[in-house]
Amino acid sequence: MSRTVYVNGDYLPEEEAKVSVFDRGFLFADGVYEVTSVLGGRLIDFEGHARRLQRSLAELEMKAPVEANELLEIHRELVTRNGIEDGLIYLQVTRGAADRDFAYPAADTEPTLVLFTQAKPGLADSPAAKTGIKVISIPDRRWGRRDIKTVQLLYPSMGKMMAKAAGCDDAWMVEDGQVTEGTSNNAYIVKGNAIITRHLGTEILHGITRAAVLRFAREAQMQVEERPFTIEEAQGADEAFITSASAFVMPVVEIDGTAIGDGRPGTVTARLREVYLDEMRKAAI
Ligand code: PDD
């Protein structure tokens with residue numbers, strides 16, 4: 001069935017939706033994006049995603065295409081029009097269409113705003129949450145402003161393919177001997193009562209799920225250490241997991257062929273996943 005998508009003010013059947021060949025998102029990857037999950041027809045942590053979008057836009061001196069309340073309306077409208085119970089909403093803003101030039105076009109160039117939905121029935125009941133996923137490590141060869149959520153996703157895409165070729169599910173990226181993050185998620189290990197994840201900076205995306213999970217962990221009196229860790233430390237940890245808007249809290253049971261703990265999803269990870277999903281469902285809008 002054809003989806004209804006949103007392009008620059010219009011709700012259209014996906015076959016009719018068009019963006020210019022001169023769009024800077026297409027020519028320069030000059031665009032930012034957000035992915036918000038939908039559970040039970042409601043948006044998970046919309047405010048967090050809207051806030052990060054504002055920040056990404058500001059960092060790139062890009063004009064916001066619509067006000068935050070209108071953005072919420074568009075999200076809701078797409079959920080309704082496409083009958084989404086569980087799934088994802090993808091949003092992309094680019095600097096708009098302009099004759100090809102490395103310099104930014106005039107400030108009054110209209111940004112491009114595109115949103116579409118992806119239905120994912122049972123998104124929160126993924127079988128992988130019970131079995132865990134396997135990751136490999138790869139060098140982090142992305143650009144230096146990973147805190148801005150740009151659409152330059154070729155290297156993460158290559159990383160996912162390297163993982164697949166190795167019979168694994170994902171890749172953790174390593175820079176200067178330390179893990180930065182997963183190809184499309186933040187990376188964590190658990191040792192004793194401590195949850196360890198890389199500190200915020202320009203080296204990683206400031207995950208919206210990460211912020212919520214760390215808040216819940218602290219509220220549950222768990223110790224949180226925001227610092228870098230190596231693959232070797234991760235291999236010797238009790239548990240490992242990833243977080244993202246689409247995976248929520250997902251156990252990692254193997255890193256570069258080494259089983260983590262007893263090779264099965266850990267109890268701390270399972271508890272965090274449960275708390276995260278419970279609390280976020282309650283707060284969903
Ligand atoms: N990816 N790190 C990277 C590099 C990411 O691409 C993502 C999200 C995250 C987690 O951020 P959040 O918790 O806000 O989803 C961390 C999205 C889901 C994607 O590209 O599909």
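Basis of the calculations
- Residues numbered from 1 in each chain as written.
- Predicted model: local features only at pLDDT ≥ 70, side-chain atom pairs only at ≥ 80, totals over all residues.
- Heavy atoms only, no water.
- Phe/Tyr/Trp six-rings, centres within 6.5 Å; stacked < 30°, edge-to-face > 60°.
- Helix = DSSP H or I, 4+ residues; strand = E, 2+ residues; numbered from the N terminus.
- Buried < 20%, exposed > 50% of the residue type's maximum accessible area, 1.4 Å probe, protein only.
- Expected span 1.5 Å × (residues − 1).
- Arc of directions from axis to C-beta.
- Pairing = 2+ DSSP bridges.
- Right-handed = clockwise from strand over helix to strand, strands pointing away.
- 1 Å grid on protein atoms, 1.4 Å probe; cavity = no way out; pocket = protein on both sides within 12 Å on 5 of 7 lines; lining within 4 Å.
- Points joined across faces, edges and corners; volume = space filled by probe spheres on them.
- Nonpolar A, V, L, I, M, F, W, Y, C, P; charged D, E, K, R; others polar.
- Domains from an automatic or database assignment.

Considering the packing of aromatic side chains
In step 1: Here the structure, examined in full by the defined rule, presents 8 aromatic pairs.
In step 2: Plain terms: the ring middles of Tyr188 and Phe241 are 4.4 Å apart, the flat faces sit at 10 degrees to each other, and that makes the pair stacked. Remark: Phe241 occurs in strand E13 (residues 239-244) and Tyr188 occurs in strand E10 (residues 186-191); sequence separation between them is 53 residues.
In step 3: A relative accessible area of 0% places Tyr188 in the buried class.
In step 4: Plain terms: the ring middles of Phe216 and Tyr276 are 6.5 Å apart, the flat faces sit at 65 degrees to each other, and that makes the pair edge-to-face. Of the two residues, Phe216 is situated in helix H6 (residues 208-219) and Tyr276 in helix H8 (residues 267-283); the sequence distance between them amounts to 60 residues.
In step 5: Exposure remark for Phe216: the relative accessible area of 8% places this residue in the buried category.
In step 6: Note on Tyr276: relative accessible area 2%, which makes it buried.

Description of helix H3 (residues 68-81)
In step 1: Look at H3: 20 Å from first C-alpha to last across 14 residues, which is about the 20 Å you get at 1.5 Å a residue.
In step 2: Taken together, the buried positions of H3 are occupied by Leu71, Leu72, Ile74, His75, Leu78 and Val79. Seen end-on, H3 carries its buried residues on one side only, within an arc spanning 160 degrees. Residues of H3 that are exposed and point over 90 degrees away from its buried face: Asn69 and Thr80.

So, the pairing of strand E12 (residues 223-226)
In step 1: With 4 bridges joining them, strand E11 (residues 194-197) and E12 adopt parallel strand pairing. Bridging across to E12, Ile196 finds its partner in Glu225.
In step 2: The parallel pair E11 and E12, bridged by H6, forms a crossover whose chirality is right-handed.

Description of the layout of surface pockets
In step 1: Each pocket or cavity is described by its volume, and for the largest pocket that value is around 1,100 Å³.
In step 2: Contributing to the lining of the largest pocket are 47 residues, with Lys160, Thr183, Ser184, Asn185 and Ser246 lying nearest its centre.
In step 3: For the lining of the largest pocket, the elements supplying multiple residues, two or more each, are strand E3 (31-39), helix H2 (46-59), strand E5 (87-94), helix H5 (154-165), strand E9 (178-182), H6, E13 and strand E14 (248-255).
In step 4: No other element matches H5, which puts 5 residues into the lining of the largest pocket.
In step 5: Split by residue class, the lining of the largest pocket holds 20 nonpolar, 15 polar and 12 charged.
In step 6: No fewer than three residues from each of domain 1 (4-124) and domain 2 (128-283) sit in the lining of the largest pocket.
In step 7: Looking at the second largest pocket, its volume works out to about 170 Å³.
In step 8: Lining the second largest pocket are Val19, Ser20, Asp23, Gly25, Phe26, Tyr90, Gln92, Thr94, Thr112, Val114 and Phe116.
In step 9: At the level of elements, helix H1 (24-28), E5 and strand E6 (112-119) are the ones that each hand at least two residues to the lining of the second largest pocket.
In step 10: Taken together, the residues that form the lining of the second largest pocket break down as 5 nonpolar, 5 polar and 1 charged.

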